[in-house]
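# Secondary and tertiary structure notes
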Amino acid sequence: MKILLFGGSGQLGHEIREKASNLNFQVVSPISSEVNITNQQQVDFLVTQLNPDIIINSAAYTAVDDAEVNTVECFATNSLGSKNVALAAKKNNTRLVYISTDYVFSGKNIDNSPRTIPYLEEDMVNPLSVYGASKNEGEQHVVNICGQEGLIVRTSSLYGKKSPNFVHTVLRLFTEGREVSVVNDQFMLPTWSGWLAEVILDLVRIPKETAHGIVHVSCGGDYVSWYDFASRIHELTKNNIDGAIASKVVPVLASNFGRPAPRPNFSVLNCSKLSSWLNRPCLNWDLALQYCLREINVL
Ligand SMILES: NC(=O)c1ccc[n+]([C@@H]2O[C@H](COP(=O)([O-])OP(=O)(O)OC[C@H]3O[C@@H](n4cnc5c(N)ncnc54)[C@H](OP(=O)(O)O)[C@@H]3O)[C@@H](O)[C@H]2O)c1
């Protein structure tokens with residue numbers, strides 16, 4: 001199988017490249033200075049020349065807070081870039097997988113009450129941030145342009161061996177032996193990008209007649225706050241990292257954290273569609289965390 005991967009230098013893309021080559025798939029993954037997805041001609045030329053079996057678009061502007069001011073740049077990559085890739089895929093009759101986010105949801109019900117039930121694929125989107133809005137537009141392009149040839153994989157709270165991400169950040173703060181303040185009123189399911197990459201490569205081997213449209217993919221288990229997640233990382237690693245035993249995780253409210261981009265207080269994804277497609281449950285987030293911590297040699 002020949003895969004064209006955009007975003008291969010990123011946290012998730014890196015894992016997809018690694019797992020795909022283990023499966024003996026051919027992966028072509030230009031860096032953004034070679035092919036920028038905001039440039040329609042560059043994308044078109046590559047897709048026509050390469051004629052891949054699958055295109056995976058994992059490229060994105062992911063700086064959620066910076067996006068609040070760099071709106072044009074964010075929409076260029078996440079909306080226009082997605083459109084360019086979708087148009088090239090359609091023109092070449094190639095199946096497309098677009099990676100999207102739980103931040104298309106608001107964490108609130110229609111009557112503005114707090115959401116407490118995991119989101120299904122067909123639930124109404126209502127992004128709070130510029131990043132979420134740009135990814136939502138990216139999704140719309142895939143739906144409108146690709147039809148059955150398009151698969152949108154919505155995932156959440158990624159971490160993995162390639163930094164930067166939340167796990168690497170808290171591990172670094174633990175080594176400084178400090179109090180680490182972490183939000184305890186935003187709930188999600190943390191997802192290990194190593195597992196997600198394997199799932200994406202499983203999905204592209206399911207016939208498009210089954211695997212098209214939107215699918216939610218996150219690790220499983222009971223949902224947690226970022227504070228719970230950081231506390232578990234601390235519990236698992238404190239004896240293995242110099243300085244970490246003196247460190248402490250402290251809960252804070254998101255409203256006291258002062259981040260520029262609003263985030264949903266609840267963005268847990270219901271992944272039962274995925275489980276039925278793959279015929280297996282999602283990997284428990286706690287187990288996934290332990291696999292990742294072992295991989296980066298802190299467990
Ligand atoms: N991180 C999360 O917690 C999270 C959660 C939910 C969903 N997602 C989604 O998952 C996907 C992967 O996220 P990630 O964390 O792996 O992202 P990442 O580490 O920030 O990597 C982003 C990738 O996109 C590439 N890129 C950015 N702008 C580009 C452009 N204009 N043209 C071509 N390539 C471009 C980057 O390449 P350069 O470095 O060369 O610019 C990099 O390879 C994204 O679609 C993201 O929206 C992420």
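Refer to the structure above for everything that follows.
Conventions adopted
- Residues numbered from 1 in each chain as written.
- Predicted model: local features only at pLDDT ≥ 70, side-chain atom pairs only at ≥ 80, totals over all residues.
- Heavy atoms only, no water.
- Helix = DSSP H or I, 4+ residues; strand = E, 2+ residues; numbered from the N terminus.
- Rg over C-alpha atoms; globule rule 2.2 N^0.38 Å.
- Buried < 20%, exposed > 50% of the residue type's maximum accessible area, 1.4 Å probe, protein only.
- Contact = heavy atoms within 4.5 Å.
- Areas by Shrake-Rupley, 256 points an atom, 1.4 Å probe, with all protein chains shown as cover.
- Axes fitted to C-alpha atoms, helices over the stretch in contact; angles between N-to-C directions.
- Parallel < 35°, antiparallel > 145°, perpendicular 65-115°, else oblique.
- Left-handed = near helix turned anticlockwise from the far one by under 90°.
- Nonpolar A, V, L, I, M, F, W, Y, C, P; charged D, E, K, R; others polar.
- Expected span 1.5 Å × (residues − 1).
- Core = buried A, V, L, I, M, F, W, Y, C linked by side-chain atoms within 4.5 Å.
- Pairing = 2+ DSSP bridges.
- Near = heavy atom within 4 Å.
- Polar contact = N/O pair within 3.5 Å; in protein donor to acceptor, adjacent residues only side chain to side chain.
- Right-handed = clockwise from strand over helix to strand, strands pointing away.

### Some remarks on the overall build of the protein
Along the protein, the regular secondary structure elements total 9 helices and 12 strands. Expected size for 299 residues packed as a compact globule is a radius of gyration near 19 Å; at 19 Å, the protein falls within 12% of this value. Taken along its principal axes, the extent of the C-alpha atoms in the protein is 55 × 45 × 40 Å. Out of the 299 residues in the protein, the part that is buried amounts to 52%. For the protein, contacts bridging at least 24 residues in sequence account for 83% of all contacts bridging at least 6. Carbon and sulfur atoms make up 50% of the accessible area of the protein, which amounts to about 13100 Å² in all.

### Some points on the packing of helix H7 (residues 226-237) against helix H9 (residues 285-295)
Running from N to C, H7 and H9 point in directions that differ by 50°, and their axes come no closer than 11 Å. Taken together, H7 and H9 sit at an angle that is classed as oblique. In the packing of H7 onto H9, the handedness of the crossing is right-handed. For the pair H7 and H9, the contacting residues are Phe229, Arg232, Ile233, Leu236 and Thr237 in the first and Trp285, Asp286, Leu289, Gln290 and Leu293 in the second. Grouping the constituent residues of the contact of H7 with H9 by class yields 6 nonpolar, 2 polar and 2 charged.

### Side note on H7
Between its terminal C-alpha atoms H7 stretches 16 Å, which fits the 16 Å expected from 12 residues at 1.5 Å a residue. Turning to H7, its buried residues number three or more, namely Trp226, Phe229, Ala230, Arg232, Ile233, His234, Leu236 and Thr237.

### Points about the nonpolar core
Residues Trp195, Leu203, Phe229 and Leu274 are the most contacted members of the largest nonpolar core, which totals 63 residues. Tallying contributions element by element places helix H6 (residues 193-203) first for this core, with 7 residues. When neighbours within four sequence positions are excluded, Leu203 is seen to be in contact with Arg95, Leu151, Val153, Ala211, Val215, Val217, Leu274, Trp277 and Leu278.

### Side note on the sheet that holds strand S3 (residues 54-57)
Spatial ordering of the open sheet is given by S2-S1-S3-S4-S5-S10, a layout of 6 strands whose pairing is parallel. Since the sheet does not close on itself, it has two edges, and those belong to strand S2 (26-28) and strand S10 (213-216), each with one partner. Taking the axes of each pair of neighbouring strands and ignoring which way they run, one obtains an average angle of 20° across the sheet. Two strands pair when backbone bridges link them, and strand S1 (residues 2-6) and S3 are joined in this way by 4 bridges, in the parallel orientation. Bridge pairing in S3 places Leu4 opposite Ile55. On the sheet, helix H2 (residues 40-50) packs against S1, S2 and S3 and is oriented at approximately 165° with respect to S1.

### Focus on the site of the ligand
The local shell around the ligand holds 23 residues, among which Ser9, Ser32, Thr62, Tyr131 and Lys135 are the closest. A distance of 3.0 Å separates an oxygen atom of the ligand from a polar backbone atom of Gly10. A distance of 2.9 Å is found between an oxygen atom of the ligand and a backbone nitrogen or oxygen belonging to Gln11. If one sorts the elements of the shell around the ligand by residue count, strand S4 (residues 95-101) sits on top with 3 residues. Class assignment of the residues belonging to the shell around the ligand gives a composition of 8 nonpolar, 14 polar and 1 charged.

### Describing the pairing of strand S5 (residues 150-155)
Of all 6 residues in S5, 6 are buried, a share of seventy percent or more. Judged by which residues are buried, S5 turns out to be covered on both faces: Gly150, Ile152 and Arg154 on one side and Leu151, Val153 and Thr155 on the other are all buried. With 6 bridges connecting them, S4 and S5 associate as parallel partners. Paired with Leu96 across the bridge in S5 is Gly150. You can see the chain leave S4, run along helix H4 (residues 130-146) and come back into S5, and the turn it takes is right-handed. The pairing of S5 with S10 spans 4 bridges and is classified as parallel. Bridging from a neighbouring strand, Arg154 pairs with His216 of S10.

### So, the packing of helix H3 (residues 71-92) against H4
As a packed pair, H3 and H4 sit with axes 9 Å apart at the nearest point and diverge in direction by 15°. With respect to their mutual orientation, H3 and H4 come out roughly parallel. Where H3 crosses over H4, the handedness of that crossing is right-handed. When H3 is examined against H4, the residues Thr71, Cys74, Phe75, Asn78, Ser79, Ser82, Lys83, Ala86, Leu87 and Lys90 are found in contact with a partner set consisting of Val130, Tyr131, Ala133, Ser134, Lys135, Glu137, Gly138, His141, Val142, Ile145 and Cys146. Looking at the contact of H3 with H4, its residues break down into 10 nonpolar, 7 polar and 4 charged.

Function cannot be read off these values alone, since they describe shape.
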